[in-house]
Amino acid sequence: MVTFRTLKTPAPLRVVQVGAGGMGRAWLRTITANDDVELVGVVDLDTQTARSALAEASIDGVIVGTSVTEVALEAGAQAVVNVTIPEAHLSVNQEALLAGLPVLCEKPASPTVADALIQSATATVMGELLMISQSRRYFATLYTLRDQVRTLGEIGTVSCEFFKAPHFGGFREEMEHVLLLDMAIHQFDVARYLIGHEPVSVYCEEHNPGWNWFRGAANATAVVEFEGGTRFVYTGSWCAPGHETSWNGSWRISGEHGTALWDGEAMPVAHRPEELYSTDEQGVGVVPEALAGALAEFVSSLRSGVVPSGEIGANVRSLAMVEAAIRSADSGERVWIDDVLSQAREAAIATADRDDVRRVLEDGVLKAS
């Protein structure tokens, strides 16, 4: 059972944001728009980047520095929002957790499942919440789609097409397996959310067309087997100009009693024999979405003790799907999720630098459910 320290004060949650680059600027807007949160510090290895981002957002009176621990202490912070690059998530999250601070971290938890397990074990040792922001779980239309899926009986196939052509610049264009690790984890995580069972195995192929502008593979097709036999089929590209899908992708869920369709933006529609079922948009309540939804759940969980959907232990299987897909693309073979988790646990035990964290990993209490 996951437990963590709660913060039940009615005052706004005092947070330090780590990372002030492109996504950092989006998170600054999200934090300052939430009355339940107060930004008290920004950490970045380049303090000028941090100050420029704050000035751009017309934010003043915020402590700026290069050390998470020092800025958090000086600012009297109660939590950390980690918006650094994936390779930095382990070190930043560990530093914050060991300082007694809960963390809301951008996805993915890390580039590898082993590093994610170390983070999960550290959160367990410290009794603090580590939540991964799978921000594309937070859409009112997705909630409606899941309700519709529950009426379709046994689910045979879930498919998602994702086609975009972003020119990010920066670290993404230099990443290995950029589509799978940086973007497909969103759709893989949503598939878990919709299907309601856990993944068993993954077969994946990656490739790049001649006009690709990413160093790593920006095209991928994956077939994921879930418990109960449901297949999730993902086809995506980050170098696909023209007639792009939404950032959530385009979804089709085929079930025993019909089919549900969602374009990632508008209200979904469920088709059944001789029946068409849709939901009036006016019947859907207003809820915080995307980054704002993740932040709202983080604050709510810290105040209530209710485990959030992105809690690190639960999120590990979404990352394991990605790692399995990468291994499959490299080997040309089907890869089993349990093998990925088992090997990652062994690697985490071998590399953990704290005895208490290593004991948690060795005890096997992290089920990655």
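The structure reproduced in this document is the subject of the present report. (Residues numbered from 1 in each chain as written. Predicted model: local features only at pLDDT ≥ 70, side-chain atom pairs only at ≥ 80, totals over all residues. Heavy atoms only, no water.)

Regarding helix H3 (residues 68–75), the residues found buried are Val68, Val71, Ala72 and Ala75. Viewed along the axis of H3, the buried residues span an arc of 100 degrees, placing them on a single side of the element. More than 90 degrees from the buried face of H3, the exposed residues found are Glu70, Leu73 and Glu74. For H3, the elements touching its buried residues are strand E1 (13–18), strand E2 (37–43), strand E3 (63–65), strand E4 (79–82) and helix H4 (89–98). Taken from the residues just after H3, glycine 76 is the one with a positive phi, measuring 65 degrees. (Buried < 20%, exposed > 50% of the residue type's maximum accessible area, 1.4 Å probe, protein only. Helix = DSSP H or I, 4+ residues; strand = E, 2+ residues; numbered from the N terminus. Arc of directions from axis to C-beta. Contact = heavy atoms within 4.5 Å.)

Moving on, we get to the sheet that holds E1. Strands sit in the order E3-E2-E1-E4-E5-E6 across an open sheet of six strands; the sheet is parallel. Each end of this open sheet is capped by a strand with a single partner; those strands are E3 and strand E6 (130–133). Taking each pair of neighbouring strands and ignoring which way they run, the sheet shows an average axis angle of 25 degrees. Pairing between E1 and E2: six bridges, direction parallel. Each residue of the ladder has a partner; that of leucine 13, found in E2, is valine 37. The strands that helix H1 (residues 22–32) touches are E1, E2, E4, strand E5 (103–106) and E6; relative to E1, the one it contacts most, it runs at about 170 degrees. (Pairing = 2+ DSSP bridges. Axes fitted to C-alpha atoms, helices over the stretch in contact; angles between N-to-C directions.)

It is worth spelling out the pattern of salt bridges at this point. Here the structure, examined in full by the defined rule, presents 19 salt bridges. Across the pair arginine 303 and aspartate 36 runs a salt bridge whose closest N-O atoms are separated by 3.6 Å. Taken together, the residues span a long stretch of sequence, with arginine 303 in helix H8 (residues 290–304) and aspartate 36 in the loop between H1 and E2 at a distance of 267 residues. Assessed through its relative accessible area of 37%, aspartate 36 is described here as partly exposed. Salt-bridge contacts for arginine 215 lead to glutamate 174; the nearest nitrogen and oxygen are separated by 3.4 Å. (Salt bridge = Lys/Arg side-chain N within 4 Å of Asp/Glu carboxyl O.)

Once that is clear, we can look at the packing of H1 against H8. At a minimum axis distance of 10 Å, the contact between H1 and H8 shows a crossing angle of 60 degrees. For the element pair H1 / H8, the angle class is oblique. Once H1 is placed against H8, the crossing between them reads as right-handed. Here Met23, Ala26, Trp27, Thr30 and Ile31 of H1 come into contact with H8, specifically with Leu291, Ala292, Ala294 and Leu295. Split into classes, the residues belonging to the contact of H1 with H8 amount to eight nonpolar, one polar and no charged. (Parallel < 35°, antiparallel > 145°, perpendicular 65-115°, else oblique. Left-handed = near helix turned anticlockwise from the far one by under 90°. Nonpolar A, V, L, I, M, F, W, Y, C, P; charged D, E, K, R; others polar.)

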